[in-house]
Amino acid sequence: MNKLIMLAAAVLTLNACVANDGMSGEAAWSKKDVPEKRQRVLLTGFECGDNCYVHYRPLGQPDGELKTALCTVGDCISWMAEQSYASKFDWRSATITLGTGKQYDGGGAVMSDDFPAITSLEVDPEQ
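## Digging into the overall build of the protein chain
Along the backbone of the protein chain there are two helices and five strands. Secondary structure elements in the protein chain, listed N-terminal to C-terminal, are α-β-β-β-α-β-β. Sorting the 127 residues of the protein chain into buried and exposed places 37% on the buried side.

## Describing the sheet that holds strand β5 (residues 110–123)
Reading around the circumference, β1-β2-β3-β5-β4 is the order of the five strands in this closed barrel, with mixed pairing throughout. Each strand of the sheet is rotated relative to its neighbour by a mean of 50 degrees, with strand direction disregarded. When strand β1 (residues 38–48) meets strand β2 (residues 52–58), the two strands line up antiparallel, connected through seven bridges. From the neighbouring strand, Leu42 faces β2, where its bridge partner is Arg57.

## Let's talk about the pattern of salt bridges
Scanning the model with the defined rule gives one salt bridge in all. Salt-bridge contacts for Asp124 lead to Arg40; the nearest nitrogen and oxygen are separated by 2.7 Å. Of the two residues, Asp124 sits in the segment after β5 while Arg40 sits in strand β1, which places them 84 residues apart along the sequence.

## Comments concerning the pairing of strand β4 (residues 93–104)
Counting buried positions over the 12 residues of β4 gives nine, a clear majority of the element. Summarising the sheet, β4 and β5 pair through 10 bridges and their orientation is antiparallel. Bridge pairing in β5 links Gln103 to Ser112. Hairpin geometry of β4 and β5 is characterised by an intervening segment of five residues between the two adjacent antiparallel strands and by a positive phi of about 90 degrees at Gly108.

## A look at the pairing of β2
β2 sits mainly inside the fold: seven of its seven residues count as buried. Burial along β2 is two-sided: the residues Cys52, Val54, Tyr56 and Pro58 and Tyr53, His55 and Arg57 are all buried. Two successive antiparallel strands, β1 and β2, enclose a turn made up of three residues. Examined bridge by bridge, β2 and strand β3 (residues 67–71) share four bridges and lie antiparallel to one another. Within the sheet, the bridge partner assigned to Tyr56 lies in β3 and is Lys67.

What counts and how
Residues numbered from 1 in each chain as written. Predicted model: local features only at pLDDT ≥ 70, side-chain atom pairs only at ≥ 80, totals over all residues. Heavy atoms only, no water. Helix = DSSP H or I, 4+ residues; strand = E, 2+ residues; numbered from the N terminus. Buried < 20%, exposed > 50% of the residue type's maximum accessible area, 1.4 Å probe, protein only. Pairing = 2+ DSSP bridges. Axes fitted to C-alpha atoms, helices over the stretch in contact; angles between N-to-C directions. Salt bridge = Lys/Arg side-chain N within 4 Å of Asp/Glu carboxyl O.

So, to be careful, I would describe these as geometric facts and stop short of saying anything about function.
In structure tokens form, the structure reads like this:
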């Protein structure tokens, strides 16, 4: 039951963020974002537990360090609701904006209030 309550709270919180994530056809980042935080990446995976995370690599760096960030907007909302994402997103390029977010444990307590988080996400169309 705790996971259901946490998921509902997360969806409500994330819905407040959707207005700024480019889902309305605008650019994936808002003018308020600092340009240095925007990155082109290659999505390499997604996992959910107490939090949902996107795994990625900087685009053009096939041997670059694998990175992980909380997923808090855009397509992540449906991935969170389903607790999975389609493997068709693996190795797709995307534009993300990084910020920080709160990371929770299974009981709903904040473990970190400055964990790397994706604050905007736009997955490139399939080619």
